[in-house]
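Chain by chain, the residues run as shown.
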Amino acid sequence: MFAFNQAILWASVFALVSCRNDSQDVQRIHRAPQGPSSTQYGISVVYSDTSDFHWSLKALKLEEERLDGRAQSEVFSGDVTAVQLLRSKPTGTRLRADRVVRNLKDQVWVLSGSVLVTKGSKKYLKTKSLEWDRRTGKIFGTGWVEINDDGQTLSGIGFEAMEDLSTYSIFEVSGQFDSN
């Protein structure tokens, strides 16, 4: 009987020592999950730059990504298009990409996969990937780019431009100019 009581005593001590309520363990359990917190399909969103300028964005899918319970980015995918509006009327500036990641903190958007920026019918920029700083209105990239400006086509590696393509620079340029 003494051996049985001693076994129960040791089992109880072992159970008490192995159980704990460590605040770090509790925090880890209660931390918000990583990755998409919500997924929406057939999305249409309007972002406002000023009271006059807006961007109307459409995508097949939107996933909001969270870290530690706070929204960090929005990931739009599936034929993403954005149209710039001035007082609710299109300005002629459009963006298209397969995927757009909107970083909520620094307002830099990353467009990837068949990216096309157009201004009217005579000016466009094509690339595989670009970053768009919404605060400054500049777009830039380090990869291949092709810019067509009223029939004149330039291509190269690396670029910087205004979102409306009013000004642009291509690094490592190649292309052909017509003498017309």
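Here, every reference points to the structure presented above.
Residues numbered from 1 in each chain as written. Predicted model: local features only at pLDDT ≥ 70, side-chain atom pairs only at ≥ 80, totals over all residues. Heavy atoms only, no water.

Q: Is there a simple way to explain the side chain of asparagine 148 in this structure?
A: Position of asparagine 148 among the secondary structure elements: in strand 7 (residues 138-149). Exposure remark for asparagine 148: the relative accessible area of 12% places this residue in the buried category. Among the polar contacts listed, one links the side chain of asparagine 148 to the side chain of threonine 153, at a separation of 2.8 Å. Apart from the residues lying within four places of it in its own chain, the contact partners of asparagine 148 are Lys122, Lys123, Tyr124 and Thr153. (Helix = DSSP H or I, 4+ residues; strand = E, 2+ residues; numbered from the N terminus. Buried < 20%, exposed > 50% of the residue type's maximum accessible area, 1.4 Å probe, protein only. Polar contact = N/O pair within 3.5 Å; in protein donor to acceptor, adjacent residues only side chain to side chain. Contact = heavy atoms within 4.5 Å.)

Q: How should I be thinking about the pattern of salt bridges in this particular structure?
A: Any two side chains of opposite charge can pair if their charged atoms end up close together. Applying the stated criterion across every chain, the model contains 9 salt bridges. Glutamate 63 is paired through a salt bridge with lysine 61; the nearest N and O atoms lie 3.8 Å apart. The class of lysine 61 is partly exposed, set by a relative accessible area of 27%. Notably, a salt bridge pairs lysine 122 with aspartate 150, separated by 4.0 Å at the nearest N-O pair. Of this pair, lysine 122 sits in the loop between strand 5 (108-119) and strand 6 (123-133) while aspartate 150 sits in the loop between strand 7 and strand 8 (152-162), placing them 28 residues apart in sequence. (Salt bridge = Lys/Arg side-chain N within 4 Å of Asp/Glu carboxyl O.)

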